[in-house]
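# Coordinates in review
In case you want the letters, here they are:
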Amino acid sequence: MNEGYLRTVVAAALEDLVRAREAHGADSVAYRRQLAASLAFIEGSLEDVLTAALRDLDRRVRDGCSPARETD
């Protein structure tokens with residue numbers, strides 16, 4: 001699930017970036033703003049996924065499950 005979510009997030013952010021570059025040019029202020037926004041969106045999404053993964057890992061360790069073993 002996390003992999004699909006990240007692929008969707010990255011694809012959407014990159015599509016926005018490509019559109020901004022095509023519309024305004026690589027040297028434009030609009031493109032630089034979109035680049036910053038896209039990278040921040042990707043970074044925030046990665047943080048969310050990593051936080052959820054760490055929470056799941058902690059839960060598995062607490063419950064006595066091997067972190068490498070799938071229980072779902």
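For the structure itself, look to the data block above.
In short, a report on the structure.

The rules we used
Residues numbered from 1 in each chain as written. Predicted model: local features only at pLDDT ≥ 70, side-chain atom pairs only at ≥ 80, totals over all residues. Heavy atoms only, no water. Helix = DSSP H or I, 4+ residues; strand = E, 2+ residues; numbered from the N terminus. Buried < 20%, exposed > 50% of the residue type's maximum accessible area, 1.4 Å probe, protein only. Areas by Shrake-Rupley, 256 points an atom, 1.4 Å probe, with all protein chains shown as cover. Expected span 1.5 Å × (residues − 1). Contact = heavy atoms within 4.5 Å. Salt bridge = Lys/Arg side-chain N within 4 Å of Asp/Glu carboxyl O. Patch = residues over 30% accessible without salt bridge, like charges linked within 9 Å, V, L, I, M, F, W, Y side chains within 5 Å. Phe/Tyr/Trp six-rings, centres within 6.5 Å; stacked < 30°, edge-to-face > 60°. Lys NZ or Arg CZ within 6 Å of the ring centre and 35° of its normal.

If you tally the helices and strands in the chain, you get 2 helices and 0 strands. Expressed as a percentage of the 72 residues in the chain, the buried residues total 17%. Total accessible area on the chain is roughly 5,500 Å²; 57% of this is exposed by carbon and sulfur atoms.

What follows concerns helix α2 (residues 29-62). Between its first and last C-alpha, α2 extends 49 Å over 34 residues, near the 50 Å set by a 1.5 Å rise per residue. Where α2 is concerned, the buried positions are Tyr 31, Ser 38, Ile 42, Ser 45, Val 49 and Arg 60. Contacts from the buried residues of α2 go to α1 (2-24). A positive phi of about 80° marks Gly 64, the residue just after α2.

Taking 1.5 Å of rise per residue, the 23 residues of α1 would be expected to cover 33 Å, and the 33 Å separating its terminal C-alpha atoms lies within 8% of that figure. Listed as buried for α1 are Val 9, Ala 13, Leu 17 and Ala 20. Along its buried surface, α1 packs onto α2. One or two residues past the end of α1 sits Gly 25, with phi positive at roughly 95°.

Applying the stated criterion across every chain, the model contains 6 salt bridges. Here Asp 63 makes a salt bridge to Arg 59, at a shortest N to O gap of 3.7 Å. Residues joined by salt bridges that share partners form a network here, namely Asp 56, Arg 59, Arg 60 and Asp 63.

Looking now at a nonpolar patch on the surface. On the surface, Leu 54, Leu 57 and Val 61 cluster together into a nonpolar patch covering about 260 Å² of accessible area. Judged by its relative accessible area of 51%, Val 61 is exposed.

On to the packing of aromatic side chains, then. The tally for this structure, following the rule as stated, stands at 0 aromatic pairs. A cation over an aromatic ring shows up here: Arg 21 above the ring of Tyr 31, its NZ or CZ 5.7 Å from the ring centre.

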